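Structure at a glance
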Amino acid sequence: MLLWLLGSCTYSKKFTQTYYKENESALQSIRQRFIQEYDKNPFSLELKDKYLSRIGLEIHTDSIKYIYSFRLDEPYLLDTLDKYHFDVKAVIELINDMQKAHCTWITNLDYYEKRQKKFLVFISVRDKKLTAFLKPEKYFTLAFFDQPQPYDEKERLLDNEDLTKNRLINGAVFRKINDTVSYALTPKYR
């Protein structure tokens, strides 16, 4: 029993080491297609339930953020995408690929470096392998930067303006996957 409990504690660490490698091309494709659609029409997308069949769609306009909730089998989703001039086929394909990769949230976050506005794509993944006995659900959260980022000797993401401090994203310490992708295990998907 003790060995099983110890194994369940280290499972999430093992998951982070393998998930990105196994899903890198799918995640990078999701990221690129999201950026293409976001540049035309800013939005965020959420897969709300553990079956990944209910979605939340946040549409960002100049003055307001519209928040919608749909089941994937409802015609209102397609009508709403069409109403706001989305490429309906591209967004539906993005949703399908997010389901396959167990992505629960994708958005574009803005941040500032040296008074210059920059963006990163933020993707959260829910996977049953991250759920351990007697532990709350966790999300594998990825931050995709456009440029290489600094990391310390423990591979923690550093603040570009003060290399002695960790850069926190939504209060979490992110760790290195590669020079432009970082991850954290978080209790929330956004």
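Just so it is clear, the model here is predicted, and its values are computed rather than measured. The written sequence of each chain sets the order in which its residues are numbered from 1. Totals for whole chains, interfaces and linings use all residues, but because this is a predicted model, local features are given only for residues with pLDDT of at least 70 and pairs of side-chain atoms are given and counted only at 80 or more. Side-chain descriptors were evaluated using all non-hydrogen atoms of the structure, hydrogens and water having been removed beforehand.

Looking at the packing of aromatic side chains
Working definition: a ring pair exists when centres of Phe, Tyr or Trp rings (six-membered ring for Trp) sit within 6.5 Å. Plane angles under 30 degrees give stacked, over 60 give edge-to-face, the rest tilted. Tallied over the entire structure, the rule returns 11 aromatic pairs. One aromatic cluster is present, formed by F34, Y38, F43 and F86 through successive ring pairs.

Here we look at the sheet that holds strand β3 (residues 65-71)
Pairing is antiparallel across the open sheet formed by eight strands, whose spatial order is β3-β2-β1-β4-β5-β6-β12-β11. Of all the strands in the sheet, the pair left with one neighbour each is β3 and β11 (175-176). Relative to strand β12 (residues 181-186), β11 is paired through two bridges, and the arrangement is antiparallel. Within β12, the residue paired with R175 across the bridge is Y183. Any two residues having at least one pair of non-hydrogen atoms within 4.5 Å are treated as being in contact. Comment: axis = line fitted to C-alpha atoms, over the contacting stretch for helices; angle = value between 0 and 180 degrees taken between N-to-C directions. A helix here means a DSSP run of H or I that spans at least four residues, while a strand means a run of E at least two residues long, and both kinds are numbered starting from the N terminus. Seen against the sheet, helix α3 (residues 88-100) touches β1 (43-47), β2 (54-60) and β4 (103-113) and runs at an angle of roughly 40° to β1. At least two DSSP bridges between two strands are required for those strands to pair.

Some details on the packing of helix α2 (residues 75-83) against α3
Taken N-terminus to C-terminus, the directions of α2 and α3 make an angle of 130°; their axes are 9 Å apart at the nearest point. When the axis of α2 is compared with that of α3, the two are oblique. Considering only the axes of α2 and α3, their crossing is right-handed. Of the residues in α3, those touching α2 at L77, L78, L81 and D82 are V88, V91, I92 and I95. Relative orientations are named as follows: roughly parallel for angles under 35 degrees, roughly antiparallel for angles over 145 degrees, roughly perpendicular for angles from 65 to 115 degrees, and oblique for any other angle. The handedness criterion is simple: a crossing whose near helix is rotated anticlockwise from the far helix by less than a right angle is left-handed, and one whose near helix is rotated clockwise is right-handed.

A look at the pattern of salt bridges
We define a salt bridge as a side-chain nitrogen of Lys or Arg found within 4 Å of a carboxyl oxygen belonging to Asp or Glu. As enumerated under the stated definition, the model contains 14 salt bridges in all. Ionic pairing is found between D73 and R71, a salt bridge with its closest N-O pair at 3.1 Å. For the salt bridge of K165 with D162, the shortest nitrogen-to-oxygen distance reads 3.9 Å. Think of it in three bands: with a 1.4 Å probe and only protein chains considered, a residue is buried below 20% of the maximum accessible area for its type, exposed above 50%, and partly exposed in between. Classification of D162 as partly exposed rests on a relative accessible area of 26%. Beyond isolated ion pairs, a larger network of salt bridges with shared partners links R33, D97 and K100.

Topic: the confidence of the model for the chain
Mean pLDDT over the chain works out to 85, with 84% of the residues at or above the 70 mark. On a scale of 0 to 100, pLDDT captures the predictor's confidence in every residue. Long-range and interchain partners of residues 1-11, a stretch whose pLDDT sits below 50, account for five contacts in this model, where long-range means more than four residues apart.

Digging into α3
The span you would expect from a helix comes to 1.5 Å times its residue count less one. With 13 residues, α3 should cover 18 Å at 1.5 Å per step; its first-to-last C-alpha distance of 19 Å lies within 8% of that length. Restricting attention to buried positions, one finds in α3 the residues A90, V91, L94, I95 and M98. Along the long axis of α3, the arc covered by the buried residues comes to 140°, so they all point the same way. For α3, exposure combined with an orientation more than 90 degrees from the buried face picks out K89 and K100. Of the residues trailing α3, H102 is marked for its positive phi of about 60°. In this context, the arc is that of the directions from the helix axis out to the C-beta atoms.

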